[in-house]
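Secondary and tertiary structure notes
So you can see what is in the structure, the chains are spelled out below.
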Amino acid sequence: MGASIKLKATEDTPDIILDREKNKFSITGRSLPEDPSEFYQPILTWVKGCVKQPNPHTEFHLKIEYFNSSSVKQIVTILIILSEIIKTGNEIKVIWYYKDGDDLMEIKGKELKSMVSLPFELQIY
Amino acid sequence: MDAEVAFKFFKKLEQDHFSLIYLGEFDDALTPSFIRINENSLHESQAFKNKLSSFVVECFQNIVRHADRPDIITRTNNKPKMFMIRNIGYSFYIASTNLINNNKKEDLLLKLKSIDKFSAEELKTAYLDSLPEGEISDTGSGGLGLIEMAKKSNCELKFDFEFINYFFSIFFLQLKLIALNDLGGLRDAVKLNNSKELYNELLAENILMIRKGDFSQKTILPMLDILENNIQSQRNLLSSGKKIFYMLVELLQNISKHAKENNGSKEGIFIIAVKNDQHILTTGNYIENDKVDQLKKKLESLASMNKEALADIYKENLLSKDTGVKGGAGVGLIEMSKYSLEKIKYNFKFINVSTTFFSLSITI
């Protein structure tokens, strides 16, 4: 497991920052890769490693503009792994951002919130 | 519009290695995306692609700048602008259709007819030689008009006017470019009349865009740009625009994931139509016959579910550990069923012992 992952956004993949030292964790932008399970594989591996020794307070920011359905599945998997942090006694909070009036993203946020058991906040930006 | 429309147009464009037809509003911002679709879809030489792109730019700008627009849209004059590019064999057909004021007709006709006056030597002056190397500038070909370009590059140009009322005529323009000097293979696969016919059929079905050919990710992305632009200009509501875009991605990637490969390409057709302020998104592609039963069962089962059942199965699917491509496809169909305003329409058309044409249509 590397110290951090930084991926610049491309046309069909999001900007990703996973930085334990700076305590910054975010996925931002479009997520439409043809094969999301391949794209998210290293992310999942990193997050799995991270939750074993998490920071005391982790905020995970999801600010997704567009996605395909199989990317959502990968994001759910990330959330499930993140919920392990609770067991370690450390704090974890997920913040799902959506634009005012963007029903699709609001509903998607609510759907995800109902699927996982960890603090999950919806926030308009 | 039924799912079978996909097959109808697929057959009409059967010989096409690639086709892109777009009706509706045009602005310069769309040009780069159109060029990118061509660039990413074709296997011709870069020199030819550059040449083709300069024609696409010019043709496109012709529509943007010169199309006339009635002050009041009526049933007679409701003729949207069209841009078309089709590749059959080594031939490329670029066409535009737009309204023009009848009082401009004479001038235009004179200009078009001047092409005939050019001598064979003059025509031989390859237009490409006069083009600067490398990329095409924003202004396309430095202000050179489409007709001038056609003249200089020895490409075949056909046109026609269709009188619609006292003020307007429809102006059809079609160019043919040939990628290789494959003289043996030359023939007129697309006559001007075919394009006129096609235009009327597209109008009758309220079609906004058709794309036939290979649906790999690199050709899907520029297409999404065009559609995003179009949806935004039509629907100011962020909410419905986002949903349409989401469904577009699912449908297009569905072809790229599941279409039966034909000569190394994931061939398919995608149609977007607008009716009563709703978007009808339709795809069609070949699939292996042995996949038909399973897919049919899945679609039938989804069709029988109400909203709650769909929400449950969506949740179940997302939480399942199955991350294979198959599982992914399942999520896509569930989402389509959830968001489609009408029941998903689908059709399986038996082609031969190994192949079936599968079409899928959703309304949003």
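Going by the structure above, here's the rest.
As a convention, each chain's residues are numbered from 1 in the sequence order in which they are written. As a convention, the first chain written is A and the first ligand written is 1, with the rest following in written order. Reporting in this predicted model follows two pLDDT cut-offs: at least 70 for local features of residues, and 80 or more for side-chain atom pairs to be given and counted; totals over whole chains, interfaces and linings ignore these cut-offs and use all residues.

Description of the packing of helix H4 (residues 103-115) of chain A against helix H10 (residues 238-258) of chain B
Rules: Think of each axis as a best-fit line through the C-alpha atoms, taken over the contacting stretch in the case of a helix, with angles from 0 to 180 degrees between the N-to-C directions. Strands here are runs of E lasting at least two residues and helices are runs of H or I lasting at least four, both read from the DSSP assignment and numbered beginning at the N terminus. Should an angle lie under 35 degrees it is considered roughly parallel, over 145 roughly antiparallel, and from 65 to 115 roughly perpendicular; all remaining angles are considered oblique. Contact definition: two residues whose C-beta atoms, as placed from backbone geometry, lie within 7 Å. Residues are grouped as follows: nonpolar covers Ala, Val, Leu, Ile, Met, Phe, Trp, Tyr, Cys and Pro; charged covers Asp, Glu, Lys and Arg; every other residue, Gly included, is treated as polar.
Taken N-terminus to C-terminus, the directions of H4(A) and H10(B) make an angle of 70°; their axes are 7 Å apart at the nearest point. The orientation of H4(A) relative to H10(B) falls into the category roughly perpendicular. Within the contact between the two elements, H4(A) uses Asp103(A), Leu104(A) and Met105(A) and H10(B) uses Ser239(B), Lys242(B), Lys243(B) and Tyr246(B). Of the residues assigned to the contact of H4(A) with H10(B), the class counts are 3 nonpolar, 1 polar and 3 charged.

Topic: the packing of helix H1 (residues 36-52) of chain A against helix H2 (residues 69-82) of chain A
The geometry of a pair of packed helices is captured by two quantities: the angle between their axes and the separation between those axes. Residue and element names in this part refer to chain A. In contact at an axis separation of 10 Å, H1 and H2 are set at 10° when each is read in the N-to-C sense. Regarding the angle of H1 to H2, the classification is roughly parallel. Here H1 contributes Pro 36, Ser 37, Tyr 40, Ile 43, Leu 44, Val 47, Lys 48 and Val 51 to the contact with H2, which in turn contributes Ser 70, Ser 71, Gln 74, Thr 77, Ile 78, Ile 81 and Leu 82. Across the contact of H1 with H2, the residue classes tally to 9 nonpolar, 5 polar and 1 charged.

Looking at the interface of chain B and chain A
If you look at the interface, chain B gives 20 residues, while chain A gives 19 residues. Elements supplying a minimum of two residues to the side of chain B that touches chain A: helix H9 (217-234), H10, helix H12 (307-319) and helix H13 (325-339) of chain B. Among the elements that line the side of chain B that touches chain A, the one with the most residues is H10(B), at 10 residues. Per-class residue counts for the side of chain B that touches chain A are 8 nonpolar, 7 polar and 5 charged.

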